[in-house]
Amino acid sequence: MNCLIASPSFPPSGADAPRVDIYVGIHKALRAMMMDTLLAVGRIDVHDAAATRAVCERVLALADLCASHLGHENDFVHPAMEARRPGSSARVAGEHAEHLAAITALREAVACLGAARHAAARTDAALRLYRGLALFVGENFVHMHVEESQHNQALWSCYSDDELRALEGAIVASLPPAENLCVLRWMIPAMTPDERAGLLGGLRMAVPAPVFEAVLQAIQPHLTSREWTRLMHALEPDQVPASLEA
């Protein structure tokens, strides 16, 4: 399933239309997944083997998505920046190398927890994993802010919105179907109602109906009933009830 994960488009605000922001959606997805996973690790029940394995699998899934995301930025975004503003990606490229090492450390911490055979050892390993993940999340939050501010400014000064959409499209086209659906599962619930409707409105026109339905099924459990109703009526404006009209 190759879904379109595109930056939502909105009408102009004031005199100028907002620029295409290739970071906003994916970073909301990553932040949401990071925070949710960190909470799960903090609440882990080391006396429940199945629950512990499930939490460890969530950490590994986060590690895999973060590593893949770094690869996409290294392969697509940084070369685009360097092509028109040499040196503009150097700081973040260095941080990416550090993050890959941190991801390896997270995987090792998960392995240590899985290998612990006694309750005291599992408790200690779980706490080490929690603290390591907390540092990883904090460092990534700062890192993403740099990309959203400094990298966006570099991209906006060197590329048109159409070029940025093409760059984003190339990244999306490179995603395996499972990763694409995972990103959408975390991205769409983390968005504002307008962002959510804008992305899904574009997605509905870009993919076959069964693919679009699969995306809706993946995200519905992670929206409140009111959020889901607002979304459905945003996609079908003629059916908006009076209670949801702006």
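If you look the chain up in an unreviewed UniProt entry, it shows as Hemerythrin-like domain-containing protein from Achromobacter mucicolens.

Asker: Please give an account of the overall build of the chain that cites residues and values.
Answerer: In terms of helices and strands, the chain carries nine helices and zero strands. Going from N to C terminus, the chain has its helices and strands arranged as α-α-α-α-α-α-α-α-α. By the burial criterion, 42% of the 246 residues in the chain qualify as buried. Across the chain, every contact between residues at least 6 apart in sequence was considered, and the portion connecting residues at least 24 apart equals 75%. Element-wise, carbon and sulfur atoms account for 58% of the exposed surface of the chain, whose accessible area totals about 12500 Å².

Asker: Just give me the short version of the packing of aromatic side chains, but keep the residues and values in it.
Answerer: Summed over all chains, the structure comprises zero aromatic pairs. In this structure, arginine 185 packs its charged tip against the face of tryptophan 186, placed 3.5 Å from the ring centre.

Asker: Would you mind going over the packing of helix α7 (residues 193–206) against helix α8 (residues 209–219) in detail, with residue names and values included?
Answerer: It is the contact of α7 with α8, at a shortest axis distance of 9 Å, that shows an interaxial angle of 150°. Between α7 and α8, the angle is such that the two are roughly antiparallel. Between α7, through Leu200, Leu203 and Arg204, and α8, the contact on the second element is made entirely by Phe212, Val215, Leu216 and Ile219. The residue inventory of the contact of α7 with α8, partitioned by class, reads six nonpolar, no polar and one charged.

Asker: If you had to explain the environment of tyrosine 130 to someone new, which residues and values would you point to?
Answerer: Counting through the fold element by element, tyrosine 130 comes out in helix α4 (residues 119–158). Residue tyrosine 130 is classed as partly exposed on the basis of its relative accessible area, which comes to 33%. Separated by 90 residues in the primary sequence, tyrosine 130 and alanine 40 have C-alpha atoms spaced 9.2 Å apart. Once residues within four sequence positions are removed from consideration, tyrosine 130 is found in contact with Leu38, Val41 and Gly42.

Asker: Provide a residue-level description of the side chain of aspartate 21, including the pertinent values.
Answerer: Looking at the secondary structure, you find aspartate 21 in the segment before α1 (24–42). Within the local environment of aspartate 21, its side chain forms a polar contact with the backbone nitrogen of tyrosine 23, the two atoms lying 2.9 Å apart.

Asker: How would you summarise the pattern of salt bridges if you had to cite specific residues and measurements?
Answerer: Going through the model one piece at a time under the given rule, you end up with ten salt bridges. For aspartate 161, the salt bridge identified is with arginine 19, shortest N-O distance 2.6 Å. Residue aspartate 161 is located in helix α5 (residues 161–173), and its partner arginine 19 is located in the segment before α1; the two are separated by 142 residues in the primary sequence. The partly exposed category is assigned to arginine 19, whose relative accessible area is 31%.

Cut-offs and rules
- Residues numbered from 1 in each chain as written.
- Predicted model: local features only at pLDDT ≥ 70, side-chain atom pairs only at ≥ 80, totals over all residues.
- Heavy atoms only, no water.
- Helix = DSSP H or I, 4+ residues; strand = E, 2+ residues; numbered from the N terminus.
- Buried < 20%, exposed > 50% of the residue type's maximum accessible area, 1.4 Å probe, protein only.
- Contact = heavy atoms within 4.5 Å.
- Areas by Shrake-Rupley, 256 points an atom, 1.4 Å probe, with all protein chains shown as cover.
- Phe/Tyr/Trp six-rings, centres within 6.5 Å; stacked < 30°, edge-to-face > 60°.
- Lys NZ or Arg CZ within 6 Å of the ring centre and 35° of its normal.
- Axes fitted to C-alpha atoms, helices over the stretch in contact; angles between N-to-C directions.
- Parallel < 35°, antiparallel > 145°, perpendicular 65-115°, else oblique.
- Nonpolar A, V, L, I, M, F, W, Y, C, P; charged D, E, K, R; others polar.
- Polar contact = N/O pair within 3.5 Å; in protein donor to acceptor, adjacent residues only side chain to side chain.
- Salt bridge = Lys/Arg side-chain N within 4 Å of Asp/Glu carboxyl O.

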